[in-house]
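Results of the structural survey
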Amino acid sequence: MAATIDLDDVANVELEARSRFTHRALVCTSTGCLSAGAANVRATLEADLTEAEADHDVQVVPTGCPGLCSRGPLVTVESRGEESTLYQYVDEDAAHTIVREHLVGGAPVEGGDIVPPDIPFYAKQHQVVLAYAGRIDPDRLEDYVAEGGYRALSKALTSMTPEQVIEAIDASGLRGRGGAGYPTARKWELLHDAPGEHKYVVANGDEGDPGAYMDRTIMDSDPHRVLEGMALAAYATGADKGYIYVRAEYPLAIERLERAIRAAKRAKLLGRSVLGTGFAFDIEVRVGAGAFVCGEETALMASIEGRRGTPSLRPPYPTERGLWGAPTMINNVETLANVPAIVGKGPEAFAAVGTETSKGTKVFALAGSVTNTGLIEVPMGIPLREIVFDMAGGIPNGKAFKAAQTGGPSGGCIPAAYLDTPVDYEHLRALGSMMGSGGLVVMDETVKMPEVARFYMEFCRDESCGKCTPCRAGTVKMYAFLDRICRGVGRKRDLQHLESLCRTVRETSLCGLGQSAPNPVFSTLEHFREEYLELLVEDEEFLPAGAAPTAPGAPTDEAGAR
Amino acid sequence: MSPRNGRPNVPVTIDGQDVKAFEGESILELARRVGVPIPTLCHLEGLSIHGGCRLCLVDTGDHKLKPACATEVTAELDVTTTNAEIREHRRRIVELLFAEGNHICAFCVSSGSCELQDLATEHHVDHIHYELGYERHDVDASHPKYVLDRDRCVLCTRCVRVCDEVEGAHVWDVAMRGNEARIVAGMDIPWGESSACTWCGKCVVVCPTGALSFKGRATGEMRHDPELVAFLARARDEGEWIDRRAEA
């Protein structure tokens, strides 16, 4: 074997091999479809093809996620010279029919359960990060290379200086996809300028918001894209080691990433001399242990080092003192997955999509009361209405839209009046919500907003690490007030205490978890205060109007405890 | 606090008072040196910075309040150590600490020698608006000399740090998370069975509340002595135990 692989050779061999098949059946084997029975569908397809002696003409490919998770298992049939067909709700019977009529018979199944190619769910997407998801076998390096993978890395290593790579990221306007929206190039510059023999690049795959699965899908559908993004980040910043921090609840992503790392090392796309250029970079997967707070960068680093995953004070920032004291940069998985496209196709193409301040695309995980749940990648600035009513297909069973929740437990609810808001960092923040990592939970009219706030507060209470007082004790008490209100035994004073406590927890908590834990309360109170008021029981007016709720000597009811 | 070289030369304004700070000095160190009181709980001179209690938060003009214990002074910094808003936050944090544990002074060995009690007096916490959380945890009385009452613990981690950093035994750690978080000996074994414990009692003397106490003390009889750590740290820094006769 030659010292380094020739990417074009690999791609040509792969494309040549593909062209020998008349049909290719792409079976989604991402987490959603697997749980709906995709493994059985794949086995059925393969068995039937062998029986029909058609396995030399038809290839069955296990792929990543095509996005339309609620209609799984999904099977895409690609035919030579024809448009591909996407079959939904494929079970064993449907698999038999697909083999008989389409893969062997040569024509799409008559009356089959086919997703129209022009449905808004797909038509309105603009795929950068998810471009290959659902089209390639995530376990095969060759598939990624055949689509053009690792060309950006090769281009950067052979024809660009590290500074030029950072300039390209800067020109693209890429901002952190983990939620806060910090300019990515700024972070890279900090690590680039930090002195140090060793530097680390970390991919944050500790996605934990309820209803969010963007990073999981990126990692289990296109793991090499993450590796390539990390390698580019390392080249640009002078890092020599990378970690991918993945939560233990994502076993499939972990398995596929580890396989991808092994394949990339064998192909010398990672290791002591990447593509023979002398650039050394190695990646290791680190698995979390079930703590949401480890998505916070200082807690994440503590966890990687093998310590208790609690946040620590910043400064020093990770780029000054990170893993084992060395400069470290932490980027979200989706942020890094954007990098190969920016470096490969140039920053202009990337920046052409999106709004003035938010460039590119954003992956959203649709969940809740919508017809189509699943994963979409949309241009920044798309109105929320288009996502909910066109792409997600609106609210099922004739119910009315009530609110969309973005940003998970750190975010907030967006009511119907703001459905035309463009989805970008600034507009969502102005509404008291946030972009977050991309979870989008749609709620219909039957949902009670105080209960939504209670749900998220319960989540924060259970996930608080316990290091700082306001978050540890405050989330418990905020939950208790919300619970009293939801059970219909809350008084006006409970609501007052809840609000004042929310302010203190927001202002005084150590890390983002505590600082943002009151956000769902604030945002539901802002847009749906009357729902809280309706639940309160009559309160005898002990206090003179305008008196502070905590005035010394004020009589307490049984809720006030002592 | 190790002795500082030279003269303080960083100009800082603290509560309207123009003072000079040492380079690298924390806001808390400066405030204590110039006589401006800032309440603290987890901080203890001689130990590493924890930053968890959030009582020493001050306003530096930044969009977020900063912990004075962990924030270094910078030239021309304008610090407000207290205002109505900060006082309200601090009072509420003290109240939360009371509400989450068993802090009934009338029954406590440490009444009269308790930093939480002092904070409550200072911040006028005379009743609690929140549901009381105890009892959540158990008492560990397995050690022959000392007792740990976890419901009286405020998780300041002074015991964890003093045992690790000063005594070098590392008996203590924090286990579990959030509301369940608690101090454990070893891998969550009874304290009395810990072979690492040297019986030095440093954890007991630095405890700000009645969570750690000497066995056999009745209500109000326990006396803590947290300043001991600063004395030890300073003495160690200055090499007071090194036998210098050989050198001479």
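Residues numbered from 1 in each chain as written. Chains lettered and ligands numbered in written order. Predicted model: local features only at pLDDT ≥ 70, side-chain atom pairs only at ≥ 80, totals over all residues. Heavy atoms only, no water.

Some thoughts on the overall build of chain B
Check the secondary structure of chain B and you find six helices and 10 strands. In terms of C-alpha radius of gyration, chain B reaches 19 Å, essentially the compact-globule figure of 18 Å for 248 residues. Its C-alpha atoms put chain B at 65 × 50 × 30 Å along the principal axes. Taken across its 248 residues, chain B has 52% of its residues classed as buried. Here the contacts in chain B between residues at least 6 apart in sequence split such that 61% fall between residues at least 24 apart. (Helix = DSSP H or I, 4+ residues; strand = E, 2+ residues; numbered from the N terminus. Rg over C-alpha atoms; globule rule 2.2 N^0.38 Å. Buried < 20%, exposed > 50% of the residue type's maximum accessible area, 1.4 Å probe, protein only. Contact = heavy atoms within 4.5 Å.)

With respect to helix α7 (residues 151–159) of chain A
For α7 of chain A, every residue scored as buried is listed here: Ala152, Leu153, Ala156 and Leu157 of chain A. In a view along the axis of α7 of chain A, the buried residues occupy a sector of 125°, so they form one face of it. (Arc of directions from axis to C-beta.)

Here we look at the packing of aromatic side chains
Residue and element names in this part refer to chain A. Tallied over the entire structure, the rule returns 15 aromatic pairs over all chains. Judged by centre distance (5.5 Å) and plane angle (80°), the ring pair of Tyr235 and Phe279 falls under edge-to-face. Here Tyr235, found in helix α11 (residues 223–237), pairs with Phe279, found in the loop between α12 (251–266) and β8 (282–287); they are 44 residues apart in sequence, far enough to count as distant. According to the relative accessible area criterion, Tyr235 is buried, its value standing at 15%. For the pair Phe279 and Phe281, a centre-to-centre distance of 6.2 Å together with 10° between the ring planes defines the contact as stacked. Both residues of the pair, Phe279 and Phe281, belong to the buried class. In this structure, Arg225 is placed above the aromatic ring of Tyr132, and the distance from its NZ or CZ to the ring centre is 4.8 Å. (Phe/Tyr/Trp six-rings, centres within 6.5 Å; stacked < 30°, edge-to-face > 60°. Lys NZ or Arg CZ within 6 Å of the ring centre and 35° of its normal.)

Structural notes on empty space enclosed by the protein
All names here are of chain B. Enumeration over the complete set of coordinates arrives at 10 cavities of 30 Å³ or more. Around the largest cavity sit 15 residues that line it, and Cys153, Cys156, Cys159, Cys207 and Ala211 are the ones nearest its centre. When grouped by side-chain class, the residues that make up the lining of the largest cavity number 12 nonpolar, two polar and one charged. (1 Å grid on protein atoms, 1.4 Å probe; cavity = no way out; pocket = protein on both sides within 12 Å on 5 of 7 lines; lining within 4 Å. Points joined across faces, edges and corners; volume = space filled by probe spheres on them. Nonpolar A, V, L, I, M, F, W, Y, C, P; charged D, E, K, R; others polar.)

Some points on the packing of helix α4 (residues 158–167) of chain B against helix α6 (residues 227–237) of chain B
All names here are of chain B. Packing of α4 against α6 brings their axes to within 12 Å, and their N-to-C directions diverge by 20°. Here α6 runs roughly parallel to α4, going by the angle between their axes. For α4 against α6, the interelement crossing comes out left-handed. Here α4 contributes Val162, Glu165 and Val166 to the contact with α6, which in turn contributes Val229, Leu232 and Arg236. Split into classes, the residues belonging to the contact of α4 with α6 amount to four nonpolar, no polar and two charged. (Axes fitted to C-alpha atoms, helices over the stretch in contact; angles between N-to-C directions. Parallel < 35°, antiparallel > 145°, perpendicular 65-115°, else oblique. Left-handed = near helix turned anticlockwise from the far one by under 90°.)

Topic: the sheet that holds strand β4 (residues 85–87) of chain A
Taken in spatial order, the five strands of this open sheet run β2-β1-β3-β4-β5 (chain A), and their pairing is mixed. Whereas interior strands pair on both sides, the edge strands pair on one side only; in this sheet they are β2 (58–63) and β5 (114–115) of chain A. (Pairing = 2+ DSSP bridges.)

Thoughts on the domain arrangement of chain B
Residues and elements named next belong to chain B. Parsing chain B into structural domains produces domain 1 (10–82) and domain 2 (86–237). Put simply, the middle of domain 1 and the middle of domain 2, counted by C-alpha atoms, are 24 Å apart. Tallying the contact residues gives 24 residues for domain 1 and 27 residues for domain 2. Both sides of the domain 1 and domain 2 interface together cover about 1900 Å² of buried area, and 62% of this is carbon and sulfur. Seen at the junction of domain 1 and domain 2, the total is one salt bridge. Across the salt bridge formed by Glu45 and Arg234, the nearest N and O atoms sit 3.0 Å from each other. Run the count over domain 1 and domain 2 and you get 12 residue pairs in polar contact (both at pLDDT 80 or more). Here the residues of the side of domain 1 that touches domain 2 sort into 13 nonpolar, eight polar and three charged. (Domains from an automatic or database assignment. Buried area = accessible area lost by both parts, 1.4 Å probe. Salt bridge = Lys/Arg side-chain N within 4 Å of Asp/Glu carboxyl O. Polar contact = N/O pair within 3.5 Å; in protein donor to acceptor, adjacent residues only side chain to side chain.)

Topic: the layout of surface pockets
Looking at the second largest pocket, its volume works out to about 1400 Å³. Forming the boundary of the second largest pocket are 44 residues, of which Arg307, Thr310, Ser312 and Lys467 of chain A together with Ile49 of chain B lie nearest the centre. Going through the elements one at a time, α13 (297–304) of chain A together with α4 and β8 (172–175) of chain B are the ones with two or more residues in the lining of the second largest pocket. Within the lining of the second largest pocket, the residues separate by chemical class into 16 nonpolar, 15 polar and 13 charged.

Focus on the pattern of salt bridges
All names here are of chain B. By the definition in use, this model includes 47 salt bridges over all chains. For Lys66, the salt bridge is made with Asp62, and the minimal N-O distance between the two is 3.6 Å. Among the ionic pairs, Glu100 bridges to Arg136, the shortest N-O distance being 4.0 Å. Pair noted here: Glu100 is in helix α2 (residues 84–100) and Arg136 is in the loop between α3 (115–122) and β6 (139–140), with a separation of 36 residues, a long-range link.

Topic: the nonpolar core
All names here are of chain A. Core analysis: the biggest nonpolar cluster contains 73 residues, and Tyr150 and Trp188 have the highest contact counts within it. It is α11 that provides the largest number of residues to this core, a total of nine residues. Taken domain by domain, this core gets at least three of its residues from each of domain 2 (152–351) and domain 3 (361–445). Contacts of Trp188, omitting those with residues within four sequence positions, involve Val165, Ile166, Ile169, Leu232, Ala233, Ala236, Thr237, Met329, Asn331, Leu336 and Val339. Of all hydrophobic cores here, the second largest spans 50 residues; its members include Val90, Ala404, Ile414 and Met435. (Core = buried A, V, L, I, M, F, W, Y, C linked by side-chain atoms within 4.5 Å.)

Here's the deal with the domain arrangement of chain A
Each assigned domain of chain A is listed here: domain 1 (7–123), domain 2 (152–351), domain 3 (361–445) and domain 4 (450–560). Here domain 1 of chain A and domain 4 of chain A have C-alpha centroids that lie 51 Å from each other.

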